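# Coordinate analysis (summary)
Listed below, chain by chain, are the residues.
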Amino acid sequence: MLVPMKWLKDYVDIKVDAKAFADAMTMSGSKVERIEEMGKEIDKVVVGKIIKTEKHPDADKLTVAQVDVGTEVVQIVTGADNIKEGDYIPAALNGSTLPGGIKIKKGKLRGIESNGMMCSAQELGLEMDNLPQEMLEGIYILQEEQPLGKDIKEVLGLNDSIVEFEITNNRPDCLSIVGIAREAAATYGETLKNPETSIHENSERIEDHLSIEIRNTTLCPRYVARMVKNVEIKDSPGWMQERLIKAGVRPINNIVDITNYVMLELGQPMHAFDYEKLEGKKIIVRNAYPDEVIKTLDGVERKLAENMLVIGDGVKGSAIAGVMGSNDSEIEPYTRTIVFESANFEPVGIRLTSKKIGLRTEASSRFEKGIDAELTAVALERACHLVELLEAGEVVGGKIDIYPNPKEQRVLKLRTKHANEFIGADISEDFIKACLTSLAFKVEGQGEMRVAVPTFRADVEGEADLIEEIARLYGYDKIPSALMDTTFTQGSRTYTQKLKAMARTALTAQGLYEVLTYSFVSPGVYDSINLNSDNPLRNAIKLINPLGEDQSIMRTTMIPNMLEVVSRNYNKKVAEGQFFELSRIYKSESLPLADLADERETLTVGMYGPVDFFDLKGVIENVLAELHIDSYKIQASSHESMHPGRTAELLVRNKKAGYLGEVHPDVLDHYDIPVRVYVAELDFEQLIEACSLTIHYKQLPKYPAVSRDIAVVVAEDITAGQVEDIIRGKGGKLVEEVKLFDIYRGSQITEGYKSMAYAITYRSDEKTLTEEDISKVHNKILNSLANQVGAALRQ
């Protein structure tokens, strides 16, 4: 934001130079990027009037001019061809200096004495990009009569400083001269002088000439319009052109310049329509029609999408809302009646439109940051005041203001004691009130104040924001330094964090590598792992703004992620791999989400290479042992993603806590894996519930143990777990350990049966067991096996 100091001083008294001003503004929170001292190198350049010209006697392209500079008439020889008698020009006298360190001395050109130089815009260091074309070529001709001999810096406003501010996106109110003036007034404790907005309307009513309709109040919350008749299109006065150029805007004509002037002054972009070009004498704020094309003021035809907002008349589009007007409603030299538009548009819609059509303007850059809807009417009145000031037209009575949902003013609570504690200073209530009042806040009460936030400060949302306003105006440099509180607390892991760390340690100690994968996955992963169409895991949470289809939902299982890790490693020639991930899956009872998702901590293990199911089972059992979980069972099961007959489920306290086994070959084909892969997925939160970090110690046994081996023949569908449960159940306290050490199928066993051999260890805590004691329990076990699972003792 370029701020000319002379313009700024119209609204606030500033008694310091630009450097001191920039330092103070930076300290109060308005960062200054740079300061440009205009005309600093210009000296002894004055206003001169050409009173006589004649051709150089020895050079066809040179002119000898007599120039009156007030105190004398000097002779200057020039090669410019755009001068004539009576022109007022900048004359650099003998001994003068120009930008770039150029020194002018008298001399002779082709034998004729020249006592100075007539200056061009470039030689004076003027902003070339914003000057009209006729001022760029040859000598700079002054547009109005000026006192002869007057310092050219005063005439052209070069005795000024331009301060460039870096305005953050949350402060669109500072993208204006008045916005910066408000900050300066608060910084220096001065009073802000608002621009004059009074107007004198004629007896007509705008409603008799124009109608306005807003069809999308979401994208256009407010639309205000006024009409001006008997317009005279001409150049703006020098003072307005000077201010526009310094602020980086090229003057065009008085009407367009007024809209740009108000935008820079107040921060509200405006647009002027030629009333005679509005078909149907109406303005309709609507979404673009399908494939609608508008030719903008830059001469480019732009195709619009239906989600873009258009300012149209009864037939065609007259402007791309908030971005640029169209050629069809452009102000022409013959325009006699205009309609001023001052509207408020939804920021995101303007940003998306501007980006999609590839056109970013001063207006769009302001609208996309969010402009106060209350500013529209003020800006419109200011524009009409300037019309009268420039004698550019006659303001028609009344205005059309469509504002269906006025913005409510936010009221916040401010505790002065808390504010002082937060800042670390002792600031009086009077200063706090004065500080906030200077920024246009309305403050009531003491101790616990009620603060009404101005509508242009959308960034102030809570008490902490108010405290920040106080701190920056009080002065960060005035806040006393203090040592930090040296009371330290010892950090520690939570119970869950400890268990997760124990599980990770147990897994890495067994040679597994931890991996971390994205929580966002593709909906296609469920087909890849062969899940049925009605499987609840397919009810995944969809992202509102995904990076792409491959990362458009939240995962409900981590098996696809693990298989991608295995595939990536295998296909990069890694011969074997063992991995685990302890992370979260995301589930919801209903979709779309009505509440927060259920984020379940889940442990996933993946292995390939010289391993089998029992290696995976051993890894899981070691983790359970590390977590002190002994009430669990691993039994045969099935799963859509797993190999039939090579899958088991984990039961912890008789509740399913996960599954493990070999991955189905069809699933492996989807991931381009030609070798066997073993995976496990466990609900880690169930493991946490079953875990106990309390360790119970047991005395060493006093009495000896006795071991008995049994081999029983059972049907093929009887599991080892079933047999073990019967042995432990019937053996009671005397059975210390049961271990399966052999499974045999062969010619000696009937087809459909198998032999299972167990080593049973008996021990009593009270006495040495006799043969009779052991036989009694052993026979009881054999009988129960025969009765419950049809087991026969193998001979």
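See above for the structure.
Presented here is a report on the structure given in the accompanying data block.

### Regarding helix H4 (residues 177-188)
The end-to-end C-alpha separation of H4 is 16 Å, in line with the 16 Å expected for 12 residues at 1.5 Å each. Burial within H4 is extensive, with 10 of its 12 residues counted as buried. Inspection of H4 places Ile177, Val178, Gly179, Ile180, Ala181, Arg182, Glu183, Ala184, Ala185 and Ala186 among the buried residues, and these make up the whole buried set. Of the residues that open H4, the one with a side-chain oxygen 2.9 Å from the backbone nitrogen of Gly179 is Ser176. Within two residues after H4, Gly189 carries a phi angle of roughly 70°, on the positive side.

### Focus on helix H16 (residues 613-626)
Relative to the 20 Å expected for 14 residues at 1.5 Å per residue, H16 spans 20 Å between its end C-alpha atoms, a close match to the ideal helical length. Of the positions making up H16, those classed as buried are Phe613, Leu616, Val619, Ile620, Val623 and Leu624. All buried residues of H16 fall inside an arc of 135° around its axis, so they share one side. Two to three positions downstream of the cap, the backbone nitrogen of Phe614 sits 3.0 Å from a side-chain oxygen, assigning the N-cap of H16 to Asp612.

### Some details on the nonpolar core
Most often, soluble globular proteins have nonpolar side chains that are buried together. Residues Leu8, Phe165, Leu210, Tyr223 and Phe340 are the most contacted members of the largest nonpolar core, which totals 80 residues. Core analysis: the second largest hydrophobic core is formed by 34 residues, Leu512, Met607, Leu616 and Ile620 among them.

### Looking at the sheet that holds strand S1 (residues 2-4)
The 3 strands are arranged S1-S11-S2 in an open sheet whose pairing can be described as antiparallel. Taken across any chain shown, the strands that pair with only one partner, and hence form the sheet edges, are S1 and strand S2 (32-37). Averaged over all adjacent pairs, the angle separating strand axes in this sheet is 20°, with direction ignored. Looking at chain direction, S1 and strand S11 (residues 161-165) are connected through 3 bridges and run antiparallel. Opposite Pro4, over in S11, you have Ile162 as the bridge partner.

### Quick word on the side chain of Asp274
The topology assignment puts Asp274 in strand S14 (residues 271-274). Of the side chains with opposite charge, Lys277 lies nearest to the buried Asp274, which makes no salt bridge, at 4.4 Å. For Asp274, the contacting residues outside a window of four places in its chain are Ser329, Glu330, Ile331, Tyr334, Thr335 and Thr337.

### Concerning the packing of helix H13 (residues 495-509) against H16
In the contact formed by H13 and H16, the axes pass within 9 Å of each other and the chain directions differ by 140°. With respect to H16, the element H13 is oriented oblique. Crossing angle aside, the handedness with which H13 passes H16 is right-handed. Across from Met502, Ala503, Ala506 and Leu507 in H13, the residues of H16 making contact are Val619, Val623 and Glu626. Grouping the amino acids of the contact of H13 with H16 by side-chain chemistry returns 6 nonpolar, no polar and 1 charged.

### Notes on the packing of helix H2 (residues 18-27) against H4
Orientation of H2 relative to H4, taken along the N-to-C sense of each, is 85°, at an axis distance of 10 Å. When the interaxial angle is binned, H2 and H4 end up roughly perpendicular. Across the interface between the two elements, Ala20, Phe21, Ala24 and Met25 from H2 touch Ile180, Glu183, Ala184, Thr187 and Tyr188 from H4. Each residue belonging to the contact of H2 with H4 can be placed in one class, and the counts come to 7 nonpolar, 1 polar and 1 charged.

### Looking at the environment of Ile634
Its place among the elements puts Ile634 in strand S32 (residues 632-636). As for Ile634 and Gly125, which are separated by 509 residues in sequence, their C-alpha atoms are 86 Å apart. Not counting residues within four places of it along the chain, the set of residues in contact with Ile634 comprises Lys617, Glu621, Ala648, Glu649, Leu650 and Leu660.

### Describing the packing of aromatic side chains
All told, the structure shown has 8 aromatic pairs when counted by the stated rule. Between Phe21 and Phe165, the ring centres sit 6.3 Å apart and the planes meet at 85°, which makes this aromatic pair edge-to-face. Linking Phe21 in helix H2 with Phe165 in strand S11, this pair joins segments that are 144 residues apart in sequence. Each member of the pair, Phe21 as well as Phe165, carries the same accessibility label: buried. Ring centres of Phe431 and Tyr474 lie 5.8 Å apart, and the angle between their planes is 85°; this geometry places the pair in the edge-to-face category. Of this pair, Phe431 sits in helix H11 (residues 429-438) while Tyr474 sits in helix H12 (residues 463-474); the two residues are 43 residues apart in sequence, bridging distant segments of the chain. In this structure Phe431 comes out as partly exposed when scored by relative accessible area, which is 31%. Pairwise contacts between aromatic rings join Trp7, Trp239 and Tyr261 into one cluster.

### Focus: empty space enclosed by the protein
This model, assessed by the stated rule, comprises 1 cavity of 30 Å³ or more. The volume enclosed by the largest cavity comes to roughly 50 Å³. In terms of lining residues, the largest cavity is bounded by Leu219, Asn307, Leu309, Ala321, Phe345, Glu346, Gly349, Ile350 and Thr353. Ranked by residues supplied to the lining of the largest cavity, first place goes to helix H7 (residues 347-357) with 3 residues. Tallied by class, the residues present in the lining of the largest cavity amount to 5 nonpolar, 3 polar and 1 charged.

### Some remarks on the pairing of strand S34 (residues 655-663)
With 7 of 9 residues buried, S34 lies mostly within the body of the structure. Here strand S33 (residues 642-652) runs beside S34; their pairing, made up of 7 bridges, is antiparallel. Bridge pairing in S34 places Val652 opposite Lys655. Two successive antiparallel strands, S33 and S34, enclose a turn made up of 2 residues, where Arg653 displays a positive phi of approximately 55°. Pairing of S34 with strand S35 (residues 677-683) involves 5 bridges; the strand directions are antiparallel.

### A short note on the sheet that holds strand S39 (residues 792-793)
Ordered by their spatial adjacency, 4 strands build an open sheet running S37-S38-S36-S39, and the pairing between neighbours is antiparallel. Unpaired on one side and paired on the other, strand S37 (735-744) and S39 mark the two borders of the sheet. Its contacts with the sheet place helix H19 (residues 720-731) against strand S36 (706-715), S37 and strand S38 (753-762), and it is angled at close to 150° to S37. Across the face of the sheet, helix H20 (residues 771-789) comes into contact with S36, S37, S38 and S39 while running at roughly 15° to S36.

Criteria and cut-off values
- Residues numbered from 1 in each chain as written.
- Predicted model: local features only at pLDDT ≥ 70, side-chain atom pairs only at ≥ 80, totals over all residues.
- Heavy atoms only, no water.
- Helix = DSSP H or I, 4+ residues; strand = E, 2+ residues; numbered from the N terminus.
- Expected span 1.5 Å × (residues − 1).
- Buried < 20%, exposed > 50% of the residue type's maximum accessible area, 1.4 Å probe, protein only.
- Polar contact = N/O pair within 3.5 Å; in protein donor to acceptor, adjacent residues only side chain to side chain.
- Arc of directions from axis to C-beta.
- Core = buried A, V, L, I, M, F, W, Y, C linked by side-chain atoms within 4.5 Å.
- Pairing = 2+ DSSP bridges.
- Axes fitted to C-alpha atoms, helices over the stretch in contact; angles between N-to-C directions.
- Lys, Arg positive; Asp, Glu negative; His and termini not counted.
- Salt bridge = Lys/Arg side-chain N within 4 Å of Asp/Glu carboxyl O.
- Contact = heavy atoms within 4.5 Å.
- Parallel < 35°, antiparallel > 145°, perpendicular 65-115°, else oblique.
- Left-handed = near helix turned anticlockwise from the far one by under 90°.
- Nonpolar A, V, L, I, M, F, W, Y, C, P; charged D, E, K, R; others polar.
- Phe/Tyr/Trp six-rings, centres within 6.5 Å; stacked < 30°, edge-to-face > 60°.
- 1 Å grid on protein atoms, 1.4 Å probe; cavity = no way out; pocket = protein on both sides within 12 Å on 5 of 7 lines; lining within 4 Å.
- Points joined across faces, edges and corners; volume = space filled by probe spheres on them.

Scope: geometric values only; no functional claims are made or implied.
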